[in-house]
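Structure at a glance
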Amino acid sequence: MKAVVTRVKSASVTIEGKVEGAIGQGYLVLLGVGPEDSEAEADYLAEKIVHLRVFEDEQGKMNLNIEQVGGEILVISQFTLYADLSSRRPGFSHAAPPSLAEPLYNYFMAKLEELGFPPQHGSFGADMQVESINDGPVTLIFDTEEMRNKKK
């Protein structure tokens, strides 16, 4: 799995003119699923994200996690994170097929809820308009392939 996690002051997703999900302070998570991903990667990623300490404490240091600031999470499916950019027109054959990606996307969100952060979200495969007010900006990229490679 790949995730682009942005610390935001607010974020929302609109589908066909209707706001489907919106948060205040927290994380906007763009989530891509690869063909070798499993629930283990989703578990790892969800744990990493909720324990990440990137919110500022009283001294202005990134020392607090999302729970400590009462933050929220907005998750958007993003197969384009697996784009093959070797030519001018991106290819998406490196992304997991929807039959694998959608259940893992849903599992990831269920894991966040289990960890105490029921996420707002878009709709898998929909044409979505995402708005955010980045905070910092602080944007981090996670790739669970690194986790798999360390286990080998």
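So, here's what we can say about the structure. Along each chain, residues carry numbers from 1 onward, in the same order as the chain's sequence is written. The predicted nature of this model means local features are confined to residues of pLDDT at least 70 and side-chain atom pairs, given and counted, to a pLDDT of 80 or more, with totals for whole chains, interfaces and linings taken over all residues. Neither water nor hydrogens contribute to the side-chain values; these are computed over all heavy atoms in the structure.

Observations concerning the overall build of the protein chain
Worth spelling out the cut-off: Put simply, DSSP marks the helices as runs of H or I at least four residues long and the strands as runs of E at least two long, and each gets a number from the N terminus on. The reference for a compact globule is 2.2 Å times residues^0.38; the radius of gyration itself is calculated from the C-alpha atoms.
When you go through the protein chain residue by residue, the secondary structure sums to 3 helices and 8 strands. Ordered by position from the N terminus, the helices and strands of the protein chain form the series β-β-β-α-β-β-β-α-β-β-α. Computed over the C-alpha atoms, the radius of gyration of the protein chain is 15 Å, within 12% of the 15 Å expected from 2.2 N^0.38 for a compact globule of 152 residues. In terms of overall dimensions, the protein chain has C-alpha extents of about 45 × 45 × 30 Å along its principal axes.

A closer look at the layout of surface pockets
Note the following rule: Definitions used for this entry: grid spacing 1 Å over protein atoms alone; cavity, a set of points where a 1.4 Å probe fits but cannot get out; pocket, an open set with protein on both sides within 12 Å along at least 5 of 7 lines; lining residue, one with an atom within 4 Å of a point. Grid points are joined across faces, edges and corners, and a volume is the space filled by probe spheres set on the points. Lys, Arg, Asp and Glu make up the charged group, whereas Ala, Val, Leu, Ile, Met, Phe, Trp, Tyr, Cys and Pro make up the nonpolar group; the residues left over, Gly among them, are polar.
Of the pockets and cavities examined, the largest pocket occupies roughly 320 Å³. Along the wall of the largest pocket there are 19 residues; nearest its centre are Ser 77, Gln 78, Phe 79, Gly 125 and Met 128. Those elements that provide at least two residues to the lining of the largest pocket are strand E3 (26-32), strand E6 (72-77) and helix H2 (98-114). Across the lining of the largest pocket, the residue classes tally to 14 nonpolar, 5 polar and no charged.

Things to note about the packing of aromatic side chains
Inclusion rule: A pair of aromatic rings is counted whenever rings of Phe, Tyr or Trp (Trp by its six-membered ring) have centres within 6.5 Å, and the orientation is called stacked for planes under 30 degrees apart, edge-to-face for over 60 and tilted otherwise. Using a 1.4 Å probe on the protein chains alone, a residue whose accessible area is under 20% of its type maximum counts as buried, one over 50% counts as exposed, and one in between counts as partly exposed.
Scanning all chains against the criterion turns up 3 aromatic pairs. Judged by centre distance (5.3 Å) and plane angle (35°), the ring pair of Tyr 27 and Phe 55 falls under tilted. Of this pair, Tyr 27 sits in strand E3 while Phe 55 sits in strand E4 (residues 55-56), placing them 28 residues apart in sequence. Exposure class is identical for Tyr 27 and Phe 55. Each is buried. Both rings, one in Tyr 105 and one in Phe 124, keep their centres 5.8 Å apart while their planes meet at 50°; by these two values the pair is tilted. With Tyr 105 in helix H2 and Phe 124 in the loop between strand E7 (120-121) and strand E8 (129-143), this residue pair connects regions lying 19 residues apart in the sequence. A residue is classified by how much of its surface remains accessible, and Tyr 105, at 2% relative accessible area, is buried. Looking at Phe 124, the relative accessible area reads 25%, which means it is partly exposed.

Quick notes on the nonpolar core
For clarity, the threshold we go by: We define the nonpolar core as a collection of buried residues of types Ala, Val, Leu, Ile, Met, Phe, Trp, Tyr and Cys that are connected through side-chain atoms lying within 4.5 Å of one another. A contact between two residues is defined here by any heavy atoms of the two lying within 4.5 Å.
In this structure, Tyr 27, Val 29, Leu 31, Ile 73, Val 75 and Phe 108 are the most contacted members of the largest nonpolar core, which totals 29 residues. Put simply, the parts of the chain that give this core at least two residues each are strand E1 (2-15), E3, helix H1 (39-51), E6, H2 and E8. Setting aside its immediate chain neighbours within four residues, Leu 31 contacts Met 1, Lys 2, Ala 3, Leu 45, Val 75, Ile 76, Ser 77, Gln 78, Leu 81, Tyr 105 and Phe 108. Core analysis: the next-biggest nonpolar cluster, separate from the first, contains 9 residues, Val 8, Ala 11, Ile 15 and Ile 23 among them.

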